[in-house]
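Observations on chain architecture
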Amino acid sequence: MTELSQAKPSISERALQASASGARYLAGLNDEQRTAIETVDGPVLVLAGAGTGKTRVLTSRIAHILAAGRAYPSQILAVTFTNKAAREMKERIGGYVGDAIEGMPWLGTFHSIGVRILRRHCELVDLKSGFTIIDTDDQIRLLKQVIEVENIDKDRWPARQLAGLIDDWKNRGLTPERVSKGEAFAFANGQGAKLYAAYQKRLKELNAADFGDLLLECLRLFQSHPDVLQDYHRRFKYILVDEYQDTNVAQYLWLRLLAQGSPNICCVGDDDQSIYGWRGAEVDNILKFEKDFPGATVIRLERNYRSTGHILAAASGVIAHNQGRLGKTLFTDDEDGNRVTVTGVWDDEEEARGISDDIENLGKAAEDLNEVAILLRASFQMRAFEDRFVTLGIPYRVIGGPRFYERQEIKDAIAYLETANNPLNDLKFERIVNVPKRGIGDTSVRKVRELARARGVPLFQAARDIVETEEIGGKARRSLAQLVRSFERWRNQIETQRHTAFAEMILDESGYTAMWQADKSPQAQSRLENLKELIRFMDEFETLAGFLEHVSLVMDTEQANDGQRVTLMTLHAAKGLEFDTVFLPGWEEGLFPHQRALDESGLAGLEEERRLAYVGLTRARRTAKVSFAQNRRTRGLYQSATASRFVDELPEDHIEIQQSQSPFGGSYSNFNNGFGNPYGASRFDEPAKRFESSYDTPGWQRAQSQWRRQGEKSRRGPKLIEGELVASSTAAQSSFSIGTRVHHQKFGFGEVVEVDGNKLTVEFEGNGRKRVVDTFVQAA
DNA sequence: GTTCGCTCACTTTTT
DNA sequence: GTGAGCGAAC
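Residues numbered from 1 in each chain as written. Chains lettered and ligands numbered in written order. Predicted model: local features only at pLDDT ≥ 70, side-chain atom pairs only at ≥ 80, totals over all residues. Heavy atoms only, no water.

A word on the overall build of chain A
As a reminder of what qualifies: Labels follow the DSSP assignment, with helices taken as runs of H or I lasting at least four residues and strands as runs of E lasting at least two, numbered in each case from the N terminus. Classification of residues uses two cut-offs on accessible area relative to the type maximum, computed with a 1.4 Å probe and protein chains only: under 20% is buried, over 50% is exposed, and between them is partly exposed. In this description, contact between two residues means that some pair of their heavy atoms is separated by no more than 4.5 Å. All accessibility values rest on the Shrake-Rupley procedure with a 1.4 Å probe; residue burial counts only the protein chains present in the view.
The helix and strand inventory of chain A stands at 31 helices and 21 strands. Residue burial in chain A is summarised as follows: out of 780 residues, 54% are buried. When contacts within chain A are restricted to residue pairs at least 6 apart in sequence, those whose partners lie at least 24 apart make up 75%. If you sum the accessible surface of chain A, you get close to 35,400 Å²; carbon and sulfur atoms cover 48% of it.

In structure tokens:
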């Protein structure tokens, strides 16, 4: 949409051309997919199992509607959950119908479309044009103030908890007056709803909306202004929804209101992949679709194009233990392939070692490491693998952690820019008023806030006024005065230079860059890098205002695909992705299924965990490896663990027990005996029986299959160059020598004390001795 | 106002 | 075992 417009045929002409050119989008579809695409009239629910071509159907359906001339691009509402999904859809539709996609203004996330609607009618929901969207940090800062003003003990009732409750209420479409008495008691002895109302009032005063409001305020708008709703009814001829199983009540109500205008709503989803119940998703939405939309056509996509037979059967076997499913039977025409391997190991350390060794071997066998992933239940499990990868020199990427725009330094920088751009944004001003530290503490800020409230002016103006008085004294007064002057000076230059230069100027003159330059922590270097990256990214926008609007809504950036890397991420983050080889470690009771899911949500929680297991298994195309540890170090304590019940739910015919390579190898499961497995007899109680001779052991079989694989690979042609990208213990002597000062991304600065091939032992300042591979450090 | 040190908690997370 | 957040000491 940011592209320059040039002379080209009209959208409808191009759409027609696309159709005339042989309906590219219909090629290679199976019958069910074709039905899902061509049934454009009336409500349609597409139950798309994992790997059955869900996105393909959604995008082709849009292409079909356009090509058949059923609607203009601007008459199609297509909603997704993430920016990434929206982006992918745009790209794929673009591939089918050419540039016609540019005319699809209503393809986006629930939130971005919500904003779009609210911006057009903001005055009807008590907002002024140019209202700001606040993030979680701002939300909590604001709630802290609200709690303080209402004289509630902030230690007993933390703002964070209230934020959670309010989010939850908003997810369920509840305005303050509709929060039930009982629920209001969840916070500060029944004052929950009152605080929620006070928070909403403050938001309006600040001319701001939080993420929940983007939907909730739309609902309020539609309900109180039927004429506006009717306008959208006339506009949208077709509605499409991605990942319908993840919709919450507010989103469901939003869709239902919009769908009153046209019965042509098509929801695509998979009840078996509903894993976001804890953040408000209602599986019920998908389960009762036929009731909500009478006469709905339900289409099941059950042909899987992703995984081999054994993997698919294993995943299906596990998910079959869930009650209350709509039920699908996935099948594939692919070969059976490898069985899902199950390995029991002594402890988490051995698990990390074993998996890392496997991956190192895959690397040596010139396998594509971008096609290997480790999927975990919780992010604390990542550390063991990262440590191991760093030692072995296996390149990896972590998906999930704090996103670019969620990093402290990026938020601070944006707060500076936003304050310069919009003096009315109190929350951003408050964020950076004392960052870097300039002697303006809580007391001073509170005084400024009191003045602002008393006079009904923005914080920034109150700050400018207060420094003229004796209200605050000494250093604080001088610093604040200087900060105010700086901002006024910056604002004068906002028009006179390019926004990237402007940003650099602010970050330098405010002392923000200097703050990180002076910081000795290991991450300071990468924070500075991130700030540079931010400036580079800004360059892609025309104006500062355009950039700021983008970042408030789009919290992700494309991660560059830089070479061969193993992927490390949570099971949640893995939904929608696929890999040739997937490792699934940590299948232990208490961790997976997680104890808290069981405690807090009982059977529903267990079933959601089981769906997570299903999601994990179905990410694998060719190889899936499940493992569990007998002992795990959690919270600093070494504790014994039992294999997850999901391990025993894997269907016998599709798994293969793989021996661990530990020195105690093979006899691990005896440790279960005597302690009494609460989930009944496990196949792991009798490990020896399955293998009559040593040539029958999984270890031997695996060795054989590995030889076979290597043979195949080398016949296909040399991949040696890629193989060498992976550091191995036989690599050449490092160019670093003893005594060299080096810098490491994670451990900071240190001195090389030993060199062994390409592996260095480095004494890190404050982090102790670590063995690292030389490619992970730079000379400092 | 800032810094140090203690205590607490610790699943998953998009917008 | 570790990081965040808060209260008490500088």
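Quick word on the pairing of strand β12 (residues 566-570)
For the record, the criterion: For two strands to count as paired, DSSP must find a minimum of two bridges between them.
In terms of burial, β12 is a largely internal element, five of the five residues being buried. Residues Val566, Leu568 and Thr570 point to one face of β12 and Thr567 and Met569 to the other, with burial holding for every one of them. Note that strand β11 (residues 396-399) and β12 share four bridges and pair parallel. Its bridge partner lying in β12, Tyr396 is registered against Val566.

Side note on the protein's contact with DNA strand B
In plain terms, the rule: Residues are counted as near a molecule or strand when any one of their heavy atoms sits within 4 Å of it. We define a polar contact as two N or O atoms separated by no more than 3.5 Å, with the added condition that, inside protein, one atom must be a possible hydrogen donor and the other a possible acceptor, whereas residues neighbouring each other in sequence contribute only through side-chain atom pairs. Think of it as three bins: nonpolar holds Ala, Val, Leu, Ile, Met, Phe, Trp, Tyr, Cys and Pro, charged holds Asp, Glu, Lys and Arg, and polar takes everything else, Gly as well.
As a matter of local geometry, DNA strand B sits amid 28 residues, with Arg377, Ser379, Arg403, Ser444 and Arg596 nearest to it. Considering DNA strand B, the proportion of its atoms within 4 Å of the protein that are sugar or phosphate atoms stands at 61%. In this structure, a phosphate oxygen belonging to DNA strand B sits 2.7 Å away from a main-chain N or O atom of Asn83. Take Thr570: an N or O atom from its side chain is 2.7 Å from a phosphate oxygen of DNA strand B. If you list the elements that add at least two residues to the surface near DNA strand B, you get α20 (442-455) and α28 (595-618). Among the elements that line the surface near DNA strand B, the one with the most residues is α28, at three residues. Among the residues forming the surface near DNA strand B, the class breakdown is six nonpolar, 14 polar and eight charged.

What to know about the sheet that holds strand β7 (residues 265-269)
The following threshold applies: Working convention: axes come from line fits to C-alpha atoms, limited for helices to the stretch in contact. Angles between N-to-C directions cover 0 to 180 degrees.
If you walk across this open sheet you meet the six strands as β3-β2-β6-β7-β1-β8, and the pairing is parallel. Bordering the open sheet on either side are β3 (107-109) and β8 (297-301), each of which pairs with just one other strand. Averaged over all adjacent pairs, the angle separating strand axes in this sheet is 15 degrees, with direction ignored. Bridge analysis of strand β2 (residues 76-80) against strand β6 (residues 238-241) gives four bridges, and the strand direction is parallel. Bridge pairing in β6 places Val79 opposite Val241.

Some thoughts on the confidence of the model for chain A
Spelled out, the test is: Predictor confidence is given residue by residue as pLDDT, running from a minimum of 0 to a maximum of 100.
Put simply, chain A has an average pLDDT of 84, and 85% of its residues get 70 or more. Every residue in residues 1-6 is under pLDDT 50, and counting partners more than four places away or in other chains gives three contacts.

With respect to the protein's contact with DNA strand C
By nearness alone, every residue bordering DNA strand C is listed as Asp155, Arg160, Arg383, Arg635 and Gly636. In DNA strand C, the atoms that sit within 4 Å of the protein are 45% sugar and phosphate, with bases accounting for the remainder. A per-class count over the surface near DNA strand C returns no nonpolar, one polar and four charged.

Topic: the packing of helix α15 (residues 309-319) against α28
Selection criterion: Put simply, angles under 35 degrees are roughly parallel, angles over 145 are roughly antiparallel, angles from 65 to 115 are roughly perpendicular, and the rest are oblique.
At their nearest, the axes of α15 and α28 sit 9 Å apart, and the two run at 175 degrees to each other. Considered as vectors, α15 and α28 are oriented roughly antiparallel to each other. Where α15 approaches α28, its residues Ile311, Ala314, Ala315, Val318 and Ile319 are matched on the opposing element by Arg610, Arg611, Ala613, Tyr614, Leu617 and Thr618. Residues of the contact of α15 with α28, tallied by class, amount to eight nonpolar, one polar and two charged.

Considering unusual backbone geometry
Along the chain, Val435 connects to Pro436 via a cis peptide bond; the corresponding omega equals -5 degrees. Checked against the element boundaries, Pro436 lands in the loop between α19 (426-432) and α20. Residue Phe592 is joined to Pro593 through a cis peptide bond whose omega torsion reads 5 degrees. Along the chain, the position of Pro593 falls in the loop between β13 (579-584) and α28.

Concerning the nonpolar core
Stated formally: Nine residue types can take part in a nonpolar core, namely buried Ala, Val, Leu, Ile, Met, Phe, Trp, Tyr and Cys, and a core is a set of them joined through side-chain atoms within 4.5 Å.
Of all hydrophobic cores here, the largest spans 74 residues; its most connected members are Leu77, Ile117, Phe222, Ile239, Tyr244, Trp254 and Leu258. Excluding residues within four positions of it along the chain, Trp254 makes contact with Leu77, Val79, Phe110, Ile113, Gly114, Ile117, Leu215, Cys218, Leu219 and Phe222. Counting 51 residues, the second largest nonpolar core, distinct from the first, contains Ala463, Ile472, Leu483 and Val484.

With respect to the packing of helix α10 (residues 211-224) against helix α12 (residues 249-259)
This is how it is decided: By convention the crossing between two helices is left-handed if the near helix lies anticlockwise of the far one by an angle smaller than a right angle, and right-handed if it lies clockwise.
Where α10 meets α12, the closest approach of the two axes is 9 Å, and the angle between their N-to-C directions is 35 degrees. In this structure, α10 crosses over α12, and the sense of that crossing is left-handed. Touching Leu215, Cys218, Leu219, Phe222 and Gln223 of α10 are Ala250, Gln251, Leu253, Trp254, Leu257 and Leu258, all from α12. The residue makeup of the contact of α10 with α12, split by class, is nine nonpolar, two polar and no charged.

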